[in-house]
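Inside the fold
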Amino acid sequence: MKPNKTVLPVLAFAILLFLGCNKAEKESFDPLIFVDPMVGTGAHGHTFPGPTLPNGMVQLSPDTHLLGWEASSGYHYPDTLLYAFSHTHLSGTGIGDLGDVAILPFTGVDSLKPVGLMDKSTEKARPGYYVVQLKNFGIKAELTTTERVGMHRYTAEKNRPLRLMLDLAHILQPNWGHSVVKNDLNILTNGSLSGTYYTKGWAENHRMSYHMETSLPADSIALWIDGHRRSVESLPVNITDSSDIKVYLYFPASEKSLLVKVGLSPVSPENARENMYAELPHWDFDKVVTESREIWRNALSNIRIRTADTAVLKNFYTALYHMNIAPYNYQDINGEYRGIDKQIHKGNPADGYYTVFSIWDTYRALHPMLTITDPQRALRYGRSLVADYDNGSILPRWPLASNYTGCMPGYHAVSIMADLVTKGITTAKDDLKHWTEAAVRSSVFRADLDVKFRGTREHDLITRHPYFKETSGFVPCDSVEQSVSWGVEMAYDDWCIARIAEAAGSDSVKEAYDRRGLYYRRYWDKETNLMRPVMADGTFKTPFYPRFSNHTGNDYTEGNAYQWSFYAPHDMEGFIALMGGADVLEANLDTLFYTSSRLEGQPAGDITGLIGQYVHGNEPSHHIAYLYNHTGHPHKAQLMLDSIMYHFYQPAPDGIIGNEDCGQMSAWYVMSAMGFYQVCPGKPVYYLGRPIVDEAVIKIPGGDFMIKVHGNSRADKYVQKVLLNGRTLKEPYLPHTAIKPGSRLDFFMGKTPKS
């Protein structure tokens, strides 16, 4: 890729400003200069480039890929064809959904399904703004958003009448069983329409209502219904129950740009209209862009790093950007939201109601990071999960568009809750006995929900793994898949429940769940030094192939025995004793990182970014390098962390080594680049690693927490000593209580390891 000659001087100027010691110069630092929404849109990152806001209901982005894995976000960087700009997308997931309310501008001959051809040289994305030229139509397309409203600006070449297709049959991944169920459509005038779009996919019962207006009136309107065209002769028009509808709006040639506003609501078209008029009552596109960018500027300014390495700056602030996209606030401006029970509820709009939590991924770093930078937002997330329990009687595993899904093992909502509790972020408003009840009822086999959800995709939430845990104390591999992953992760989750119960004063629950927290030990095989599948008769599975991994029909989730044999974050002292001491742990870690990367079977596409059998492209490995801190040689962690950060994160479309996973891959980088990581959410302690920034100032409630890295360079990757407020830390750990206003952490780096 050739460097952009315009951008480089701007970047250099920004770096000089930030590196300066003058306070006024530092105040002028703009993190948005270093954010590239295109990062992660190539390879298997599955991010989208279009504009959104932090926790925004709208993610307005181009859909260039409709089929298969690379359609998870609707966009794949190498593509040149444009099917539509739709208003909702997932960021970095391994399954697709959404793609609601799809619009395509076009010119020329009318057709059932026009397709745009993008001029990739004109395509640009930055926070709050996206632009591309459709060269076959002669249209410049620009996008921006408020929280609940998408705004389009389409400029056609002279004398080319502009047309819009509202494609209400549009769906992502139809070859994976996703479909449009029906539409309710109301064409109100020749410049406004509204409706509700119903789909079935990864989310079993998804609906999105909308209200759309254009800045210019259409000359005429046509409908394509089930492949047949008819003109609209009079208005209003009301259509229900059709799944295949396309609305065509025809505009006269004009020197003016055509503006389009689309308000969304999970509740109703009336709420969508109210959202639009509350957030975007005007037609000033540039004003929306400016306001959107200012919101992002404020969101990303809560951490200021200093480094001369432009790649690190780009990686860091783009990661911080991706961290702030999900979950999405599904509450309307009037406080109404559609709960996970599909009923309408009303709450305080200041609290929000959130969905699209990739919990199995994000409990590891994204939520712990928020407890530092924005504890009130972290608490709102936790309360939203409890609200799902209140409305649906079980905590969600991967809530999507106010739907339960059964994606991934465990019940890690309890990890998010436990971390809030043990860090003292919850308040008297939070009934911890109720939280304990929610956690306990979500940790057992729910026969009632097994019946209720049967025949729907929400039934995936109710598996037999907790049943075997309760009845046998382990999960037999000859009874269910992914037995080892479920077994060890449930042990951690049960330990988290014990922490919530302890804070609630529920002693009997604490004791019972602390015991269950040790069930991971049943899978440890001292002969192989690995977590090994156990048969129903209590014997280890034979033959045993540690390198074997299949995406389905496997004993491990998206991995193999190597990656899953280091998971007991809540009981590392006991785990180390079980395996025979810290020397054995170190030898096992050495084997993991230095053995062959050869895999057997048909591994999931998530297994990427290998160092030996370590897999950074998938989350079960994310904590592993930090476990060297339990050995006599923590410098080995620093070496591996250095390699991971510099090789697996690049400021390019293919710069994320695996699925970005709604902020987890990014949160790992943000924390690790500053030199710390929480291996065990629920235990308020951070493991120290290898910082790659020279300085970080983290805004926290009441002031700043500073990290200063002395003698940092690519060669000086080893920590020599660490000071906390001038006092030497004797061990490579930092308590959460140390991160407070006015505190300072100093790393001193060198070229040679220091034990």
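Residues numbered from 1 in each chain as written. Predicted model: local features only at pLDDT ≥ 70, side-chain atom pairs only at ≥ 80, totals over all residues. Heavy atoms only, no water.

Quick look at the packing of aromatic side chains now. Going through the model one piece at a time under the given rule, you end up with 33 aromatic pairs. Aromatic pair Tyr 129 and Phe 285: ring centres 6.3 Å apart, planes at 75 degrees, arrangement edge-to-face. Of this pair, Tyr 129 sits in strand 6 (residues 129–134) while Phe 285 sits in helix 4 (residues 285–300); the two residues are 156 residues apart in sequence, bridging distant segments of the chain. For the pair formed by Tyr 129 and Phe 285, the shared burial category is buried. Among the aromatic residues, ring-to-ring pairing joins Phe 106, Phe 137, Trp 224, Tyr 248 and Tyr 250 into one connected group. Above the plane of the ring of Trp 283 lies Lys 261, whose end atom (NZ or CZ) is 4.2 Å from the centre. (Phe/Tyr/Trp six-rings, centres within 6.5 Å; stacked < 30°, edge-to-face > 60°. Helix = DSSP H or I, 4+ residues; strand = E, 2+ residues; numbered from the N terminus. Buried < 20%, exposed > 50% of the residue type's maximum accessible area, 1.4 Å probe, protein only. Lys NZ or Arg CZ within 6 Å of the ring centre and 35° of its normal.)

Moving on, we come to the UniProt feature "domain: Glycosyl hydrolase family 92 N-terminal" (unreviewed entry) in the protein. In the numbering used here, UniProt assigns the feature "domain: Glycosyl hydrolase family 92 N-terminal" (unreviewed entry) to residues 34–265. Between the C-alpha atoms that bound residues 34–265 there is a distance of 32 Å. The span itself is 0% helix and 46% strand. (UniProt positions renumbered as here; feature names shortened; annotations may be inferred.)

Quick look at the packing of helix 17 (residues 635–647) against helix 18 (residues 664–673) now. Put simply, helix 17 and helix 18 touch, their axes get as near as 11 Å, and they point 130 degrees apart. Taken together, the axes of helix 17 and helix 18 lie oblique to each other. Helix-helix and strand crossings are classified by hand; for helix 17 and helix 18 the assignment is left-handed. Contact residues: Leu 641, Ile 644 and Met 645 in helix 17; Trp 668, Tyr 669, Ser 672 and Ala 673 in helix 18. Of the residues assigned to the contact of helix 17 with helix 18, the class counts are six nonpolar, one polar and no charged. (Axes fitted to C-alpha atoms, helices over the stretch in contact; angles between N-to-C directions. Parallel < 35°, antiparallel > 145°, perpendicular 65-115°, else oblique. Left-handed = near helix turned anticlockwise from the far one by under 90°. Contact = heavy atoms within 4.5 Å. Nonpolar A, V, L, I, M, F, W, Y, C, P; charged D, E, K, R; others polar.)

As a volume, the second largest pocket reaches approximately 910 Å³. Looking at the second largest pocket, it is lined by 38 residues, and the ones nearest its centre are Ile 95, Gly 406, Cys 407, Met 408 and Gln 482. Tallied by class, the residues present in the lining of the second largest pocket amount to 13 nonpolar, 16 polar and nine charged. (1 Å grid on protein atoms, 1.4 Å probe; cavity = no way out; pocket = protein on both sides within 12 Å on 5 of 7 lines; lining within 4 Å. Points joined across faces, edges and corners; volume = space filled by probe spheres on them.)

Moving on, we come to unusual backbone geometry. Between Leu 235 and the following residue, Pro 236, the backbone shows a cis peptide bond with an omega angle of 0 degrees. Positionally, Pro 236 belongs in the loop between strand 14 (228–231) and strand 15 (237–240). Pro 543 follows Thr 542 through a cis peptide bond whose omega is -5 degrees. Structurally, Pro 543 can be placed in the loop between strand 24 (530–531) and helix 15 (572–579). Although it is not a glycine, Asn 159 adopts a positive phi angle of roughly 60 degrees.

What follows covers the environment of Ser 472. Tracing the sequence through the fold places Ser 472 in helix 12 (residues 465–472). With 281 residues separating them along the chain, Ser 472 and Pro 753 place their C-alpha atoms 46 Å apart.

Let us look at empty space enclosed by the protein. For the coordinates displayed, the defined rule picks out ten cavities of 30 Å³ or more. If you add up the space inside the largest cavity, you get close to 110 Å³. Along the walls of the largest cavity sit 13 residues, with Ile 394, Arg 397, Ser 442, Leu 461 and Pro 466 positioned nearest its centre. Residue classes in the lining of the largest cavity are distributed as eight nonpolar, three polar and two charged.

Moving on, we come to the environment of His 465. Within the secondary structure layout, His 465 lies in helix 12. The exposure class of His 465 is buried, given its relative accessible area of 7%. For the pair His 465 and Ser 443, spaced 22 residues apart in sequence, the C-alpha separation works out to 9.9 Å. Setting aside anything within four residues of it in sequence, one finds His 465 in contact with Val 475, Val 480, Glu 481, Gln 482, Trp 486 and Met 490. A polar side-chain atom of His 465 sits 2.7 Å from the main-chain carbonyl oxygen of Glu 481. (Polar contact = N/O pair within 3.5 Å; in protein donor to acceptor, adjacent residues only side chain to side chain.)

Under the domain assignment used here, the protein contains domain 1 (31–298), domain 2 (351–541) and domain 3 (545–550 + 570–754). Computed over C-alpha atoms, the centres of domain 1 and domain 3 are 40 Å apart. The interface is formed by 16 residues belonging to domain 1 together with 13 residues belonging to domain 3. In total, domain 1 and domain 3 occlude about 990 Å² of area from one another, counting both sides; carbon and sulfur atoms represent 61% of this. Contact with domain 3 buries surface across domain 1, with Val 39, His 44 and Trp 69 losing the most and accounting together for 37% of the total. At the boundary of domain 1 with domain 3, the tally comes to zero salt bridges. (Domains from an automatic or database assignment. Buried area = accessible area lost by both parts, 1.4 Å probe. Salt bridge = Lys/Arg side-chain N within 4 Å of Asp/Glu carboxyl O.)

Reading across from one edge, 2-5-6-7-8-17-12-11-10-15 is the order of the ten strands in this open sheet, with antiparallel pairing throughout. Only two strands of the sheet have a single neighbouring strand rather than two, namely strand 2 (81–82) and strand 15. Contacts from helix 3 (residues 269–279) reach strand 8 (149–156), strand 11 (192–200), strand 12 (206–214) and strand 17 (258–265), with the element oriented near 50 degrees to strand 12. Helix 4 rests against strand 5 (116–126), strand 6, strand 7 (139–145), strand 8 and strand 17 of the sheet, and its axis sits at about 45 degrees to strand 7. (Pairing = 2+ DSSP bridges.)

Looking at the protein, the pLDDT average stands at 95 and 96% of residues meet or exceed 70. Taken element by element, the predicted model of the protein shows its lowest mean pLDDT in helix 1 (residues 7–19) (41) and its highest in strand 7 (99). Low pLDDT (under 50) marks residues 1–22, which in the prediction has 27 contacts with non-local residues, meaning those over four places away or in another chain. (pLDDT = per-residue confidence, 0-100.)

Okay, the pattern of salt bridges next. All chains considered together, the criterion is met by 38 salt bridges. One salt bridge connects Lys 510 with Asp 514, and the closest N-O pair in it is separated by 2.9 Å. With Lys 510 and Asp 514 both in helix 14 (residues 507–516) and four residues apart, this pair spans about one turn of that helix. For Lys 636, the salt bridge is made with Asp 590, and the minimal N-O distance between the two is 3.1 Å. With Lys 636 in helix 17 and Asp 590 in helix 16 (residues 582–594), the pair connects residues that are 46 residues apart, well separated along the chain. With relative accessibility at 21%, the residue Lys 636 sits in the partly exposed group.

It is worth spelling out the UniProt feature "domain: Glycosyl hydrolase family" (unreviewed entry) in the protein at this point. Within this structure's numbering, the places UniProt gives as "domain: Glycosyl hydrolase family" (unreviewed entry) are residues 271–751. Secondary structure across residues 271–751 comprises 37% helix and 13% strand; the distance between its end C-alpha atoms is 60 Å.

What the three strands build is an open sheet, ordered 27-28-33; its pairing is antiparallel. Looking along the sheet, the strands with just one partner apiece sit at the ends: strand 27 (676–677) and strand 33 (733–735). Summarising the sheet, strand 28 (residues 685–688) and strand 33 pair through three bridges and their orientation is antiparallel. By the bridge assignment, Tyr 686 is partnered in strand 33 with Leu 734.

Let us now look at helix 13 (residues 483–504). With 22 residues, helix 13 should reach 32 Å at 1.5 Å per residue; the first-to-last C-alpha distance of 31 Å fits that figure. Counting buried positions along helix 13 gives 20 out of 22 residues, so the element sits mostly inside the fold. Positive backbone phi, approximately 80 degrees, marks Gly 505, located one or two places after helix 13. (Expected span 1.5 Å × (residues − 1).)

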